[in-house]
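For reference, the chains in residue letters:
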Amino acid sequence: SPLPSSLFVLVSAFTKKPKTTELTAGSTAVFEVETEKAGIKVKWQRAGTEITESEKYVIKAEGNKHSLTINNVGKDDDVTYAVIAGSSKVKFELKVKEPEKTEIAPPAQAAPAQAALESPAPSIESSQSIEVPSAGPPPEEPQDPIGLFVTRPQDGEVTVGGSITFTAKVAGESLLKKPSVKWFKGKWMDLASKVGKHLQLHDNYDRNNKVYIFEMEIIEAKMTFAGGYRCEVSSKDKFDSSNFNLTVNGKMNSLHLDFYFFLPSHKPFPFPSETNYVFLLLYSTEGLEETGELNFSALLKKRGEAKTESQPDVDVWEILRKAPPSEYEKIAFQYGITDLRGMLKRLKRIKKEEKKSTGWRAILLPNKCAHIFLFVGSSRINISWTAARYKNMINMNGIQYIFEAVGNKRILTINHCSLADDAAYECVVGEEKSFTELFVKEPPILITHPLEDQMVMVGERVEFECEVSEEGATVKWEKDGIELTREETFKYRFKKDGKKQYLIINESTKEDSGHYTVKTNGGQSVAELIVQEKKLEVYQSIADLTVKARDQAVFKCEVSDENVKGIWLKNGKEVVPDERIKISHIGRIHKLTIEDVTPGDEADYSFIPKGFAYNLSAKLQFLEVKIDFVPREEPPKIHLDCLGQSPDTIVVVAGNKLRLDVPISGDPTPTVIWQKVNKKSDLVLSHDDSMISSENSSDLNTDSKLLFESEGRVRVEMHEDHCVFIIEGAEKEDEGVYRVIVKNPVGEDKADITVKVIDVPDPPEAPKISNIGEDYCTVQWQPPKYDGGQPVLGYILERKKKKSFRWMRLNFDLLKELSYEAKRMIEGVVYEMRIYAVNSIGMSRPSSASQPFMPIAPPSEPTHFTVEDVSDSTVALKWRPPERIGAGGLDGYIVEYCKDGSTEWIPALPGLTERTTALIKDLVTGDKLHFRVKAINLAGESGAAIIKDPVTVQEILQRPKIWLPRHLRQTLVKKVGETINIVIPFQGKPRPKVTWMKDAQTLDSKDVGIRNSNTDTILFIRKAELHHSGAYEVTLQIENMTDKVVITIQIIDKPGPPQSIKLVDVWGFNAALEWKPPQDDGNAQILGYTVQKADKKAMEWYTVFDHYRRTNCIVSDLIMGNEYFFRVFSENLCGLSETAATTKNPAYIQKTGTTYKPPSYKEHDFSEPPKFTYPLVNRSVIAGYNTTLSCAVRGIPKPKIFWYKNKMDLSGDAKYRMFSKQGVLTLEIRKPTPFDSGFYTCKAVNECGEAEIECRLDVRGNQMNLTDNINSATKKR
């Protein structure tokens, strides 16, 4: 029996719950709740979002009383609210209507209200169709500027039983005719076929606004109506569609369900500690309406509720269920039932509805244990469990399903629940059923190793890593709340490696800073990324200058980044360039040049790089020149500062310009000599443009040379107080020690300056390829001969196909080693490799390409390697080609053998063989040998296919057996002259002796050819003759063992002509012939004869009979007055005979002069009275469906037909149609009703008499027609 309601205990946190309220806009709404205990935390929600206290929303809590006050209610507050306490949640609504105008309400409005108070409470069925009236004018609908829609249908929400209308407006100004609109639910369900009680489609045209309006109205909504909908509009060559959703809410304001726990006998149940029990009562099958809506009125009735209806003493429904449909109306009026349509629906449900108990639903996680309990009325009752997943009964105890019976309690235990156990389970006890639903959720994916914060520099690679609980799980990456996707530039790369998830940013920028989140369905992890700018290094700062009037002042600095820009300041103000002041930026060098210095240029100058907190400053001092008429002498002096760098070495990058300012002093002005020492060819240059003689330079190094002033690439510029050493486009040969010497009569000074030229490395030599595999190879190379003056930081490897011009980089990080294993190449494609060397200056030119190479791999081992045959000195082997050959092709196979117990493999064949079979000869009888075979191609040998067991070289005795082909088991028929080639396979070892016999005699080798081999024997006849027919016997013999078969051969030829043909008789237009079968039938059965005739005049033969099997015939349809010859051919399997038998004398068809006199016959009277040959049959039909009555009549002349119903003529009634065809009479009755029941008569009348026949027709009414009749009768009353 179903579970008693007393076993369900309602556990709720609320003793007083809020109710749906309707207020006027501008007023204040107050919702109050009471909890069972004080101190319970209560949350208020508005449209699913938690409400925080403000001036608008006032939340109060005093003990167990809680309230929510909403001030100045507006139209925006017309939403669904909820209150949550613990595990209980109650939803309610606030309905806001516009303030009404101050008008006196008519007294008629009070009457319905009073009547409503006096009337009993409405049933649940009627309350489900309540529609919420719209308050105030509808809000302005959004316009759609794109497509055909002016207004698209919007998402809607409705309560179960309510109604909702979706509206779509289409612009009709540009359309020539009305557009076509279709409404869909889901993807394909066309709602045009679903129009009825719950769905209506409307359309109209607004002529003022020239807009087509289409509406879809959903009436008495059900929970199953929720989902996605689509509206499609099309007009000629235009099309548009719009998607919208419908949400159907349950009636939570009238019934609030919390958790129900099953308490047997109100005593605690000893649950196992490792088992999760969650029992949630979702619905009951008692009292369900036809629509499938939930009805909890049977379970949750308040105590002391007064019954508004008295139960009748008699069970009316039982009387109606047993009564015939024709008595329904009488019984309904007898017992006061006025809703006849509802009565019929309930009767229909009573007859089809199975008796079921309360349903349950449980939700568990995988690998947990589920217990399903059921109480029955007796401990002896047998029950059966059924799972919807299996669609059959669960009748076996096992590890997963355990069935227990404890008294009146039945328990089904499901151990280790999996997703496959997510199904509905049903228990059947006799005619009663109780079911439950078990939902198994997937376990959440947890983050076992969270993300870590990172700090990188601009341009560096960023890699976030986390670990989740499941391999291959799907995660979601976000940056500052925005989901990351794989962009076209591949900025973000997502990688999965087992349980690890990676987010990779190849080149980070400042914009990549932020918080990165990885999300799963079981949690999330957040990490922060900080991207910092690169530090700027100052290689050469600006220095203080002291400049004379009209001289040039140059401030110069060098920073590490070529792309950094900056500004120059003079006493804190930005320097504006003009004709005299110039600002330049070349590479890493920034210059400020001031021509014709004046006293106003004396100031503090600064250079500030943009984006960096640097300030490089220097001071410019103006030197006033005073004329001193007292001559004085000062020895020359070289003032080398090198602008902050070491004076010993100056480093310049190859290709750049070197300008070295060397300040000098001395009075009188000294002579400057530049010299490059330790070189075989050096030049010297003096400021007076005169070549210094060898006598003056005798103190210089013998292997040095002087530098002369010129306009070349290496030159010296002389000024009054300094000289400038310039190298345009520095090269490697410019390295060395440069000596500057200054002389005047007072003295001499000199200084050595070392210039070092650094450059990119020289290209390495072409790389070498080794260890080539299927899709990989090893690349090796040597360092470059010249590293450019800087250590080599690494190498970059590139690859391309030989016929391509596009090189592809193989590594993003520099390779530190001198070898690299390149992978992911395509087998059979020719590739080339080249290498770059990289130092701090840059990347060298590419090396020359490597030798072209092709990634290939050896084939796989041969397959199906077996021994085919063994003799005393030979072994026959066979195998199949390898499964994978590869791009290298297959050169052949190598076969080897090894004696048992030895490890030395000996080649069995000289060289390679291309066949897949091998016969190894000259073996020693009795040896036990192992055999193996390998496949060979350009890449080398494959693995070996080996026969596991050793093979003994010894002849095997095998009984002789002939395998006779199927077509030779029957007689072999051949024509004369054809070739006969019979191949008969056999087996037997050693080679059997083959003997051929024909009709117990030895064959003549001259006439018949016999060829024998080890496995078959062949009988060959070049040209068959009739005497070759007969039985051929083949015998195999090995010692005393034999086997034999018999083959029957039949040689056939064309037959001879028939014998003794003669003309037997000629009469009228006919001639009779007769002949005898041919003497020679061609060794085959005569299949028939061909008879031909020929006119004596023309002698052209025409076939009269073909394949004629008799030996006599009559030739008809001959022409009068002509003479005919006849001939006959015989026919067998080979065809017609070559000659024919011809009649000696012709057959003459005589002419007759007699006239034909037709005989006189007495005219016969064929008239007869009507007679029914097939009667009318009594019929019983269903009302509303066309029916026919049929019979058959015979009579001459044709009788006249009349139809009657209950003796009333039906000729003038349009409801009946009468047909007569070939004596079959049909009466069609269109949509008969019970009033059409009665006796129908068919009457046939002619001159000779009349006949009639009668039948009975019963028309049974269906429920729909009965309902219509009842409704029409009700309306008439």
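Residues numbered from 1 in each chain as written. Predicted model: local features only at pLDDT ≥ 70, side-chain atom pairs only at ≥ 80, totals over all residues. Heavy atoms only, no water.

Engineer: I would appreciate a short explanation of the overall build of the chain in the present structure.
Structural biologist: When its secondary structure is counted, the chain shows six helices and 98 strands. The contacts in the chain between residues at least 6 apart in sequence include a share of 62% that link residues at least 24 apart. Only carbon and sulfur atoms are counted for the fraction: they give 50% of the accessible area of the chain, which is about 78100 Å². (Helix = DSSP H or I, 4+ residues; strand = E, 2+ residues; numbered from the N terminus. Contact = heavy atoms within 4.5 Å. Areas by Shrake-Rupley, 256 points an atom, 1.4 Å probe, with all protein chains shown as cover.)

Engineer: What exactly am I supposed to notice about the sheet that holds strand β63 (residues 863–870) here?
Structural biologist: Each strand in a sheet pairs with its neighbour through backbone hydrogen bonds, running either in the same direction (parallel) or in the opposite one (antiparallel). Read from one edge of the open sheet, three strands run β63-β64-β67, paired in antiparallel fashion. Looking at which strands have only one partner, the edges of the open sheet turn out to be β63 and β67 (917–920). Taken over all neighbouring pairs, the strand axes of this sheet differ in orientation by 20° on average, direction set aside. Alignment of strand β64 (residues 875–880) against β67, held across four bridges, turns out to be antiparallel. Residue pairing across strands places Leu877 opposite Ala918, the latter belonging to β67. (Pairing = 2+ DSSP bridges. Axes fitted to C-alpha atoms, helices over the stretch in contact; angles between N-to-C directions.)

Engineer: Whenever I open this one, the packing of aromatic side chains confuses me. Can you help?
Structural biologist: Geometrically, a pair of aromatic rings is defined through the distance of the ring centres and the angle of the planes. Counted by the stated rule, this structure contains 22 aromatic pairs. Ring centres of Phe725 and Tyr738 lie 4.9 Å apart, and the angle between their planes is 50°; on these two criteria the pair is classed as tilted. Here Tyr738 lies in strand β55 (residues 736–744) and Phe725 lies in strand β54 (residues 722–727), a separation of 13 residues in the sequence. Look at Tyr738 and you get buried, because its relative accessible area is 3%. An aromatic cluster is present here, built from Phe31, Trp44, Tyr81 and Phe92 joined pairwise through their rings. Between Arg230 and the ring centre of Phe184, over which it is positioned, the NZ or CZ distance is 4.6 Å. (Phe/Tyr/Trp six-rings, centres within 6.5 Å; stacked < 30°, edge-to-face > 60°. Buried < 20%, exposed > 50% of the residue type's maximum accessible area, 1.4 Å probe, protein only. Lys NZ or Arg CZ within 6 Å of the ring centre and 35° of its normal.)

Engineer: Any chance you could explain the pattern of salt bridges here in plain terms?
Structural biologist: Where charged atoms from two side chains of opposite charge approach closely, those side chains can pair. Scanning all chains against the criterion turns up 34 salt bridges. Here Arg1256 ties to Asp1258 by a salt bridge, and the two come within 3.0 Å at their closest N and O atoms. The exposure class assigned to Asp1258 is partly exposed, which follows from its relative accessible area of 29%. Each member of the salt-bridge network shares a partner with another, and the members are Lys657, Arg715, Glu717 and Glu728. (Salt bridge = Lys/Arg side-chain N within 4 Å of Asp/Glu carboxyl O.)

Engineer: For this particular structure, what's the right way to read the confidence of the model for the chain?
Structural biologist: The predicted coordinates should not be examined in detail at positions where pLDDT is low. Residue-level pLDDT values for the chain average 79, and 81% of them are 70 or greater. Element-level mean pLDDT values for the chain span from 32 in helix α2 (residues 124–127) up to 95 in strand β83 (residues 1088–1095). Overall, residues 1–11 carries pLDDT values under 50, and its contacts beyond four positions in sequence, including any with other chains, amount to 25 contacts. Ignoring residues within four places in sequence, the model shows residues 353–361, a span with pLDDT below 50, making 34 contacts including any to other chains. (pLDDT = per-residue confidence, 0-100.)

Engineer: Could you clarify how one ought to interpret the pairing of strand β16 (residues 199–206) in this entry?
Structural biologist: Remember that side chains alternate between the two faces of the sheet whenever the strand is regular. When β16 meets strand β17 (residues 211–218), the two strands line up antiparallel, connected through eight bridges. Looking at β17, one finds that Tyr205 is bridged to Tyr212. Linkage of β16 to β17, two consecutive antiparallel strands, is achieved through a turn of four residues, within which Lys210 is found at a positive phi near 55°.

Engineer: I would appreciate a short explanation of the environment of Ile504 in the present structure.
Structural biologist: Along the polypeptide, Ile504 turns up in strand β36 (residues 500–505). Sequence-wise, Ile504 and Arg461 are 43 residues apart; in three dimensions their C-alpha atoms are separated by 7.4 Å. In contact with Ile504, not counting residues within four places along its chain, are Arg461, Val462, Glu463, Lys491, Tyr492, Arg493 and Lys495.

Engineer: Help me understand a negative patch on the surface in this model?
Structural biologist: A grouping of Asp1053, Asp1080, Asp1081 and Glu1138 is seen on the molecular surface, where their side chains present a negatively charged patch. Tracing the backbone shows Asp1081 in the loop between β82 (1070–1076) and β83. According to the relative accessible area criterion, Asp1081 is partly exposed, its value standing at 35%. (Patch = residues over 30% accessible without salt bridge, like charges linked within 9 Å, V, L, I, M, F, W, Y side chains within 5 Å. Lys, Arg positive; Asp, Glu negative; His and termini not counted. Charge placed at Lys NZ, Arg CZ, Asp CG, Glu CD.)

Engineer: For this particular structure, what's the right way to read a nonpolar patch on the surface?
Structural biologist: Nonpolar side chains collect at one region of the surface, where Val973, Leu1087 and Leu1133 lie side by side and expose about 240 Å² of accessible area between them. Here Val973 lies in strand β73 (residues 972–975).

Engineer: Would you explain the sheet that holds strand β57 (residues 768–770) in this entry?
Structural biologist: The strand order across the open sheet built from three strands is β57-β58-β61, with neighbouring strands paired in antiparallel fashion. Each having just a single partner strand, β57 and β61 (819–822) make up the two edges of the open sheet. Mean inter-strand twist for the sheet, computed between neighbouring axes without regard to direction, equals 30°. Summarising the sheet, strand β58 (residues 777–780) and β61 pair through four bridges and their orientation is antiparallel. Each bridged residue has a counterpart across the sheet, and for Val779 the counterpart in β61 is Tyr820.

Engineer: Any chance you could explain the side chain of Gln45 here in plain terms?
Structural biologist: With respect to the element layout, Gln45 can be found in strand β5 (residues 42–46). Taking the relative accessible area as the measure of exposure, Gln45 reaches 16% and is therefore buried. In this structure Gln45 touches Glu50, Ile51, Thr80, Tyr81, Ala82, Ile84 and Lys89, once residues within four positions along its chain are discounted.

Engineer: It is not clear to me how the nonpolar core should be interpreted in this structure. Could you clarify?
Structural biologist: Across soluble globular proteins, you tend to see nonpolar side chains buried next to one another. Core analysis: the largest hydrophobic core is formed by 24 residues, its most contacted members being Phe166, Val170, Trp183, Met216, Ile218, Tyr229 and Leu246. Secondary structure elements with two or more residues in this core: β13 (164–171), β17, β18 (227–235) and β19 (238–249). (Core = buried A, V, L, I, M, F, W, Y, C linked by side-chain atoms within 4.5 Å.)

Engineer: Got a minute to help me understand unusual backbone geometry in this structure?
Structural biologist: The phi torsion of most residues other than glycine is negative, and most of the peptide bonds are trans. Each neighbour pair has its own omega, and for Asp667 with Pro668 the value is 0°, a cis peptide bond. Mapped onto the fold, Pro668 is located in the loop between β50 (658–667) and β51 (671–677). Put simply, Ile1196 and Pro1197 share a cis peptide bond, and its omega is -5°. Checked against the element boundaries, Pro1197 lands in the loop between β92 (1187–1196) and β93 (1200–1205). The backbone phi angle of His864 is positive, close to 50°, even though this residue is not glycine. With respect to the element layout, His864 can be found in strand β63. Positive phi outside glycine occurs at Ser1060, with the angle close to 55°. As for its position among the elements, Ser1060 is in strand β81 (residues 1059–1067).

Engineer: Can you help me understand the environment of Phe1126 in this one?
Structural biologist: The topology assignment puts Phe1126 in strand β86 (residues 1123–1132). Residue classification places Phe1126 among the buried residues on the basis of a relative accessible area of 0%. With 25 residues separating them in the primary sequence, Phe1126 and Trp1101 have C-alpha atoms 8.6 Å apart.

Engineer: Looking at this model, I keep getting lost on the pairing of β55. Mind explaining?
Structural biologist: Inspection of the sheet shows β51 paired to β55 by seven bridges, in the antiparallel sense. Within the sheet, the bridge partner assigned to Val677 lies in β55 and is Val737. For β55 and strand β56 (residues 747–758), the ladder comprises nine bridges, and the chain directions are antiparallel. Pairing of Val740 across the sheet is with Ala751, part of β56. Between β55 and β56, which pair antiparallel and follow one another directly, the connecting turn spans two residues.

Engineer: Even after reading the chapter, I still don't get the side chain of Ser665, so can you show me in this structure?
Structural biologist: Topologically, Ser665 is positioned in strand β50. Of the residues examined, Ser665 reaches a relative accessible area of 19% and is grouped as buried. There is a polar contact of 2.8 Å between the side chain of Ser665 and the side chain of His639. Residues contacting Ser665, with those up to four places away along its chain left out, are Glu634, Pro635, Pro636, Lys637, His639 and Pro670. (Polar contact = N/O pair within 3.5 Å; in protein donor to acceptor, adjacent residues only side chain to side chain.)

Engineer: What should I look at first to understand the state of the cysteines in this one?
Structural biologist: A covalent bond between the sulfur atoms of two cysteines is what we call a disulfide. All chains considered together, the criterion is met by zero disulfides. Left without a disulfide partner, Cys1191 is nearest to the cysteine sulfur of Cys1242, which lies 4.0 Å away. Cys1191 sits in the buried class, given a relative accessible area of 1%. (Disulfide = S-S within 2.5 Å.)

Engineer: Would you explain the environment of Lys185 in this entry?
Structural biologist: Mapping Lys185 onto the fold places it in strand β14 (residues 180–185). Placed 43 residues apart in sequence, Lys185 and Gly228 show a C-alpha to C-alpha distance of 6.2 Å. Sequence-distant contacts of Lys185, defined by excluding residues within four places in its chain, comprise Leu191, Thr224, Phe225, Ala226, Gly228 and Tyr229.

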